[in-house]
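Descriptive structure summary
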Amino acid sequence: MFPAAVLYPSNVNDIIDLIKFSYDLSVPFHVAARGHGHSIRGQAMAHNGVIVEMNSLNNNNDNDNNNNNNENCGIRVSWDSELGFYADVGGEQLWIDVLRTTLEYGLAPISWTDYLYLTVGGTLSNAGISGQTFRHGPQITNVHEMDVITGKGDFVTCSKDMNSELFFAVLGGLGQFGIITRARIVLDKAPTRVKWVRLLYDDFSKFTKDQEHLISIDGLDYVEGSLMLEQSSLNNWRSSFFPPSNQTKIASLLSQNKIMYCLEMVKYYDDHTTSTIDEELKKLVKGLNYLAGFMFKKDATFVEFLNRVRSGELELQSKGMWAVPHPWLNLFVPKSSIMDFNVAVFVDIILRQNKATGPILVYPTYRKKPLLRINLISGSSTIPPPHLTIEEHDSFEDESLDAHPMDSEDHSMELEDLIFSEEAREECGLGSQTNHTFSEGTNF
Ligand SMILES: Cc1cc2nc3c(=O)[nH]c(=O)nc-3n(C[C@H](O)[C@H](O)[C@H](O)COP(=O)(O)OP(=O)(O)OC[C@H]3O[C@@H](n4cnc5c(N)ncnc54)[C@H](O)[C@@H]3O)c2cc1C
């Protein structure tokens, strides 16, 4: 699969001109925005079409607040009485840069992905899910407004109150409804440090009950969890959290149980709460059913915690392994099925059939609180087609909107209130090299 051309836009008008040119042809060509290119199945690819390399907008940022399409948005922090603090961010911006810039003002976005070297346009086209989702919703629910170039080449500002169908179609729209050139992101006061805790379990039921309990109480800022398997090396990015002095103890427990579960939770704090944080943490873990003696704590800066995957990435890069394809799968499992899922998938397939795996994360979130809407693109499989195609039929303005009911409650996938996001990334056929790709170096 190859594009016919790549556009390196200097400004938003270059993208508008490209799409208008395509739209006016009797047979329009495919156009795909490429953020950081991390999506699977070539979603940021346009076979025989034109890829818009969004990163190129970065070379022409306007941080002086001029509002015209010849200058790009960059990252601009503002405040108003209605919205509070927010950042206007170019779709091409990496979340790590959004973090760095907003921290200069003592602020930060509230909903994250596990890995920050992803673009704002790329994750807003998906969902942006991590351990903060139970509390703040995915990243797509923390956007006030966006500038979008539609399939006809129109430049449209949209929000929940203005061009709302476009707004909700583009958020989580897999790049099928337009190109995001600016997103107005919710900001809040940033903490400076975090208490980061991992608790080990040998019983899936106790593990999930504790996770559900922790997201039901008001106190934590992040809850995730992961599988620990005897067949996966302990010497990997996740286990590096555990103090070396405890690695033997954990390895021996793992060899006894073969499969274990690790609950991960984080509480943010700052100078004002330094004196009370330990007491608060103690209260939060009180009554949890983890294995006695298997609680591990870390104190880290807010940035160290949010940017935790970076060290694994650099390690893989140094081994030349980062660029190999790393397929992954995200599943939302209704609460009613999560116990069966553990037995059928984690135990009967992965453990019993001795499958090599990458990291498998398991954590709960709510469907409604805050709203996590899963949109289905009518007429396509849940995995979108490999091409992002902006053509007439994909344009927001034409009748095809009814065929892509991204904002229709009626077409949203109905899940039970509590759902578990399970992420299973697999190594992919690297033969003898597989044992030091994902499981040893990568983090999600
Ligand atoms: C190591 C790693 C860890 C990850 N962890 C998480 C995680 O914790 N949570 C999570 O939710 N996801 C996670 N992801 C998945 C990630 O959110 C998606 O792969 C996302 O698409 C990556 O963004 P990108 O900038 O690479 O986008 P790309 O892969 O370049 O693009 C993704 C899609 O968005 C479209 N697109 C890109 N930019 C724009 C734009 N400006 N306007 C409109 N459409 C656009 C593309 O055409 C494509 O369809 C992870 C991915 C990796 C590689």
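Parameters at a glance
- Residues numbered from 1 in each chain as written.
- Predicted model: local features only at pLDDT ≥ 70, side-chain atom pairs only at ≥ 80, totals over all residues.
- Helix = DSSP H or I, 4+ residues; strand = E, 2+ residues; numbered from the N terminus.
- Buried ≥ 20, exposed ≤ 12 C-beta atoms within 10 Å, placed from the backbone.
- Contact = placed C-beta atoms within 7 Å.
- Near = placed C-beta within 6 Å.
- Nonpolar A, V, L, I, M, F, W, Y, C, P; charged D, E, K, R; others polar.
- Pairing = 2+ DSSP bridges.
- Axes fitted to C-alpha atoms, helices over the stretch in contact; angles between N-to-C directions.
- pLDDT = per-residue confidence, 0-100.
- Core = buried A, V, L, I, M, F, W, Y, C linked by C-beta atoms within 7 Å.
- Domains from an automatic or database assignment.

1. Side note on the overall build of the chain
Secondary structure summary: the chain contains twelve helices and 16 strands in total. Within the chain, the fraction of its 444 residues that count as buried is 43%. Long-range contacts, defined here as pairs at least 24 residues apart, represent 75% of the contacts in the chain between residues at least 6 apart.

2. Notes on the site of the ligand
Inspection of the region around the ligand gives 32 residues, with Gly35, Gly91, Gly121, Gly122 and Gly175 positioned closest. Of all the elements in the fold, those that place two or more residues in the shell around the ligand are strand S2 (31-34), helix H3 (120-124) and strand S9 (179-189). When grouped by side-chain class, the residues that make up the shell around the ligand number 13 nonpolar, 17 polar and two charged.

3. Here we look at the sheet that holds S2
Spatially, three strands are ordered S1-S3-S2 in an open sheet, and the strand pairing comes out parallel. In the strand order of this sheet, the two ends are held by strand S1 (5-7) and S2, each with one partner. Geometrically, the sheet is characterised by an average inter-axis angle of 25 degrees between neighbouring strands, direction not taken into account. In terms of strand pairing, S2 meets strand S3 (residues 50-53) through four bridges, oriented parallel. Across the sheet, Ala33 pairs through a bridge with Val52, a residue of S3.

4. Overview of unusual backbone geometry
You will see that Asn48, though not glycine, has its phi angle at about 60 degrees, which is positive. Note on placement: Asn48 falls in the loop between S2 and S3.

5. Let's talk about the confidence of the model for the chain
Mean pLDDT over the chain stands at 82; residues scoring 70 or higher make up 79%. In the predicted structure, residues 378-416 sits below a pLDDT of 50 and forms 83 contacts with residues beyond four places in sequence or in another chain. Between residues 422-444, whose pLDDT stays under 50, and residues either more than four places distant or in other chains, the model counts 71 contacts.

6. Let's talk about the pairing of strand S5 (residues 84-90)
S5 sits mainly inside the fold: five of its seven residues count as buried. Looking at chain direction, strand S4 (residues 75-80) and S5 are connected through six bridges and run antiparallel. Bridging across to S5, Asp80 finds its partner in Gly84. The antiparallel hairpin formed by S4 and S5 contains three residues in its connecting segment.

7. Concerning the nonpolar core
Within soluble globular proteins, side chains that are nonpolar tend to cluster in buried spots. In this structure, Val52, Val170 and Tyr261 are the most contacted members of the largest nonpolar core, which totals 86 residues. Considering every element that reaches this core, the biggest residue donor is strand S12 (residues 259-269), with six residues. Taken domain by domain, the makeup of this core includes at least three residues from each of domain 1 (5-190 + 375-411) and domain 2 (193-368 + 417-441). Not counting residues within four places of it along the chain, the set of residues in contact with Val52 comprises Leu7, Pro9, Ile15, Leu18, Val31, Ala32, Ala33, Arg34 and Ile179.

8. Structural notes on the environment of Arg367
With respect to the secondary-structure elements, Arg367 resides in the loop between strand S15 (360-366) and strand S16 (418-425). Placed 33 residues apart in sequence, Arg367 and Pro334 show a C-alpha to C-alpha distance of 9.6 Å.

9. Describing the environment of Ala108
For Ala108, the position within the fold is in strand S6 (residues 107-109). Looking at Ala108, the number of C-beta atoms within 10 Å reads 24, which means it is buried. Ala108 sits 22 residues away from Tyr86 along the chain, and the two C-alpha atoms are 8.9 Å apart. Once you skip the residues sitting within four places of it in the chain, Ala108 turns out to touch Leu99, Thr102, Leu103, Leu187, Asp188 and Ala190.

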